[in-house]
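Architecture and fold: a report
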Amino acid sequence: MQQPNSRFHSLPQALGSFGGYVILTSLLVSGLISGLRATGNLEVLELGAFDQLMRSRPKEKPDHRFLIVGINEQDIQKRQEFPIHDGTLATALAKLEESEPRAIGVDILRDIPQGPPTGRVKLEQVLSQSDRIVTVCKMSSTENPGVPAAPGISDDRVAAADLPLDPGGTLRRSILISTPSKFAGQVPVEHICNDPNPENQIPSLSLQMVLRYLQQEEKPIEPEQTEDGWLKFGGVTLQRLSPKSGGYKKADTSDYQLLINFRSAENAFKLVSLSDVLENKVSPDQIKNKVVLVGYTSQQAKDDFYTPYSASATDNQKMPGVVIHAHSASQIISAVLDQRPLFWFWEEWQEGLWIFGWTFVGASLAWVFRNPWLLLVGSGSAIVTLVGSTYFILIRAGWIPLVPPLLGLLVAGTIVLLIDRYVTTMYFVKEKITEG
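Please read these numbers as outputs of a predicted model, since none were measured by experiment.

The rules we used
- Residues numbered from 1 in each chain as written.
- Predicted model: local features only at pLDDT ≥ 70, side-chain atom pairs only at ≥ 80, totals over all residues.
- Heavy atoms only, no water.
- Helix = DSSP H or I, 4+ residues; strand = E, 2+ residues; numbered from the N terminus.
- Rg over C-alpha atoms; globule rule 2.2 N^0.38 Å.
- Buried < 20%, exposed > 50% of the residue type's maximum accessible area, 1.4 Å probe, protein only.
- Areas by Shrake-Rupley, 256 points an atom, 1.4 Å probe, with all protein chains shown as cover.
- Lys, Arg positive; Asp, Glu negative; His and termini not counted.
- Charge placed at Lys NZ, Arg CZ, Asp CG, Glu CD.
- Axes fitted to C-alpha atoms, helices over the stretch in contact; angles between N-to-C directions.
- Parallel < 35°, antiparallel > 145°, perpendicular 65-115°, else oblique.
- Left-handed = near helix turned anticlockwise from the far one by under 90°.
- Contact = heavy atoms within 4.5 Å.
- Nonpolar A, V, L, I, M, F, W, Y, C, P; charged D, E, K, R; others polar.
- Phe/Tyr/Trp six-rings, centres within 6.5 Å; stacked < 30°, edge-to-face > 60°.
- Lys NZ or Arg CZ within 6 Å of the ring centre and 35° of its normal.
- Core = buried A, V, L, I, M, F, W, Y, C linked by side-chain atoms within 4.5 Å.
- Salt bridge = Lys/Arg side-chain N within 4 Å of Asp/Glu carboxyl O.
- Disulfide = S-S within 2.5 Å.
- Pairing = 2+ DSSP bridges.
- Polar contact = N/O pair within 3.5 Å; in protein donor to acceptor, adjacent residues only side chain to side chain.
- Right-handed = clockwise from strand over helix to strand, strands pointing away.

Looking only at helices and strands, one finds 11 helices and 16 strands in the protein chain. Here the C-alpha radius of gyration of the protein chain, 28 Å, is well above what a compact globule of 436 residues would show, namely 22 Å. Along the three orthogonal principal directions, the C-alpha set of the protein chain runs to about 105 × 45 × 45 Å. Expressed as a percentage of its 436 residues, the buried residues of the protein chain come to 50%. With the model as given, the accessible surface of the protein chain reaches about 20,800 Å², and the carbon-plus-sulfur share is 57%. Placing the 40 positive and 46 negative side-chain charges of the protein chain at their respective mean positions leaves the two points 7 Å apart.

Here it is in structure tokens:
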């Protein structure tokens with residue numbers, strides 16, 4: 001009697017079996033998985049895998065071009081001010097201005113006066129007299145009229161503070177340029193950030209910082225526009241995020257957005273407190289020629305977000321909004337000046353080939369290794385190679401599929417294994433009947 005591994009009487013029969021079992025199974029399984037992926041059914045798993053890989057990346061060195069002035073809980077308790085008063089904010093901005101930073105971004109909404117009227121007057125004076133300071137507004141939406149920027153600031157120094165959240169509340173993206181939406185209700189206050197004119201494109205706080213920093217280089221770097229309408233600084237093009245970039249399949253990318261290439265979970269930038277600035281504990285060298293961002297780091301302000309580094313939904317794993325704006329600006333400046341890569345993605349056909357390739361690997365292993373232990377070792381090695389290569393590419397800022405090819409490898413391998421067991425059983429039954 002022939003052995004199970006020799007049940008194919010000829011090479012053509014074996015090749016036909018390979019084509020029927022392996023290739024056909026690979027095509028069907030990869031097609032099914034690609035279909036599920038295209039409809040967004042795998043997006044949650046893909047985003048989770050992306051977060052896990054991001055947390056596994058080695059930490060990068062801090063970007064010393066940035067200084068964050070964080071208003072923490074100690075500042076609030078020390079001054080007994082929340083929100084921080086206009087006069088206090090004006091004093092801090094004036095002190096920062098004296099040390100000649102390249103740009104100061106204020107990530108604090110200040111449309112409503114806070115504290116004594118004299119402080120409001122002082123804040124308006126500081127904002128109107130400085131060409132370094134940028135303040136934020138909140139963009140209007142169909143449900144919300146938005147929040148105007150602080151008074152005394154010119155339109156060219158207004159920035160959007162909005163940050164887009166993914167389903168589940170995690171922040172992975174940043175907005176570079178946004179156009180206000182038309183507010184359905186009566187607009188209580190008309191301002192630049194609720195004017196739905198298509199030509200009214202508001203830069204984000206991070207983009208404002210990038211523009212002002214690069215314009216003050218020894219050889220100024222000005223933004224250009226590509227034929228696709230993307231921004232370009234020098235030789236670096238800012239690839240606009242699409243609804244289907246990477247693991248996304250339903251992302252709202254109506255604004256000009258980038259996937260944030262975070263430097264690390266913490267200590268990515270020099271951080272000082274508001275009290276440090278007011279008490280002259282920050283040396284001019286820490287401020288001169290830097291991008292300075294001022295904002296709340298106290299949880300009391302509720303201006304913090306879950307990021308890919310938030311392994312569990314706890315407050316101490318949130319990142320302050322002012323730090324996220326710094327990451328968003330830093331990744332662009334670092335790409336232009338240091339050749340640090342921005343995130344890139346494959347075309348859909350490349351992702352499809354990648355998924356099919358690993359599905360084919362899983363089916364082939366099950367067809368070749370009929371010994372369960374050999375199959376286990378082979379499949380384990382394939383999984384390690386898949387995860388390792390995906391991680392290696394992510395370190396170099398490439399986001400390619402991991403979950404779909406992994407599912408394809410396992411599902412196709414299981415199907416071929418079951419088919420093989422069925423065919424082997426039928427072969428033995430046939431042999432027994434023939435012998436009988």
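After presenting the structure, the write-up continues.
Here helix H2 (residues 43-56) crosses helix H10 (residues 372-395) at 65°, and the two axes come no closer than 10 Å. Compared by their axis directions, H2 and H10 come out roughly perpendicular. As for how H2 packs across H10, the hand of that crossing is right-handed. Where H2 abuts H10, its residues Phe50, Leu53, Met54 and Ser56 lie against Thr390, Tyr391 and Leu394. The residue inventory of the contact of H2 with H10, partitioned by class, reads five nonpolar, two polar and no charged.

Under the criterion given, the structure shown has 10 aromatic pairs. Their ring planes at 35° and their centres at 4.4 Å tell us that Phe50 and Trp399 sit as a pair that is tilted. Of this pair, Phe50 sits in helix H2 while Trp399 sits in strand E16 (residues 398-399); the two residues are 349 residues apart in sequence, bridging distant segments of the chain. Summarising the burial analysis for this pair, Phe50 and Trp399 share the class buried. Relative to Tyr296, the ring of Phe82 has its centre 5.7 Å away and its plane inclined at 70°; by these criteria the two rings are edge-to-face. In this pair, Phe82 is assigned in the loop between helix H3 (73-79) and helix H4 (86-98) and Tyr296 in strand E12 (residues 291-296), connecting sequence segments 214 residues apart. We classify Phe82 as partly exposed; its relative accessible area is 37%. The buried category is assigned to Tyr296, whose relative accessible area is 9%. Site record: aromatic cluster; members linked through ring pairs are Phe50, Tyr248, Phe343, Phe345 and Trp399. In this structure, Arg173 is placed above the aromatic ring of Tyr248, and the distance from its NZ or CZ to the ring centre is 5.3 Å.

One finds Phe233 and Leu238 to be the most contacted residues of the largest nonpolar core, which totals 80 residues. Of all the elements, helix H8 (residues 321-338) adds the most residues to this core, at nine residues. Setting aside its immediate chain neighbours within four residues, Phe233 contacts Leu207, Val210, Leu211, Leu214, Ile221, Glu222, Pro223, Leu238, Ile332 and Val336. Counting 35 residues, the second-largest nonpolar core is a separate cluster that includes Ile76, Leu89, Ile202 and Leu274.

In this structure the tally under the stated criterion is 17 salt bridges. Notably, a salt bridge pairs Arg65 with Asp338, separated by 2.7 Å at the nearest N-O pair. On the criterion of sequence distance, the pair formed by Arg65 in the loop between H2 and strand E1 (66-71) and Asp338 in helix H8 is long-range, its members being 273 residues apart. Judged by relative accessible area, which is 16%, Arg65 ranks as buried. A relative accessible area of 41% means that Asp338 is categorised as partly exposed. Three or more residues joined by partner-sharing salt bridges are found here, namely Asp51, Asp166, Arg172 and Arg173.

The next subject is the state of the cysteines. For the structure shown, the criterion picks out one disulfide. The disulfide partner of Cys137 is Cys193, and the S-S distance across this bridge is 1.8 Å. Between Cys137 and Cys193 the disulfide shows an S-S torsion of about -75°. By sign, it is left-handed. A residue pair is termed long-range when its members are at least 10 positions apart, and Cys137 in strand E3 (residues 133-137) and Cys193 in the loop between strand E5 (173-178) and strand E6 (202-203) qualify at 56 residues.

To continue, consider the sheet that holds E6. Judged by pairing direction, the sheet is antiparallel, and its three strands sit side by side in the order E6-E5-E10 without closing on themselves. Edge positions in the open sheet fall to E6 and strand E10 (256-259), since each of these has one partner strand only. With two bridges connecting them, E5 and E6 associate as antiparallel partners. By the bridge assignment for E6, Ser178 is matched with Ile202. On the sheet, helix H6 (residues 205-214) packs against E5 and E6 and is oriented at approximately 70° with respect to E5.

Take the side chain of Ser140 next. Of note, Ser140 is situated in the loop between E3 and strand E4 (158-160). Engagement of the side chain of Ser140 in a polar contact is seen with the backbone oxygen of Ser181, the distance being 2.7 Å.

Residues of strand E2 (residues 103-106) alternate between two faces, with Ala103 and Gly105 on one and Ile104 and Val106 on the opposite face, all of them buried. In this sheet, E12 lies alongside E2 in parallel orientation, the contact comprising four bridges. Residue pairing for E12: Ala103 is matched across the bridge by Val291. By the bridge criterion, three bridges tie E2 to E3 in an arrangement that is parallel. Residue pairing in the sheet places Val106 in a bridge with Thr135 of E3. With respect to chirality, the unit in which E2 leads through helix H5 (residues 117-129) into the neighbouring parallel E3 is right-handed.

On their own, these measurements won't tell you what the molecule is for.
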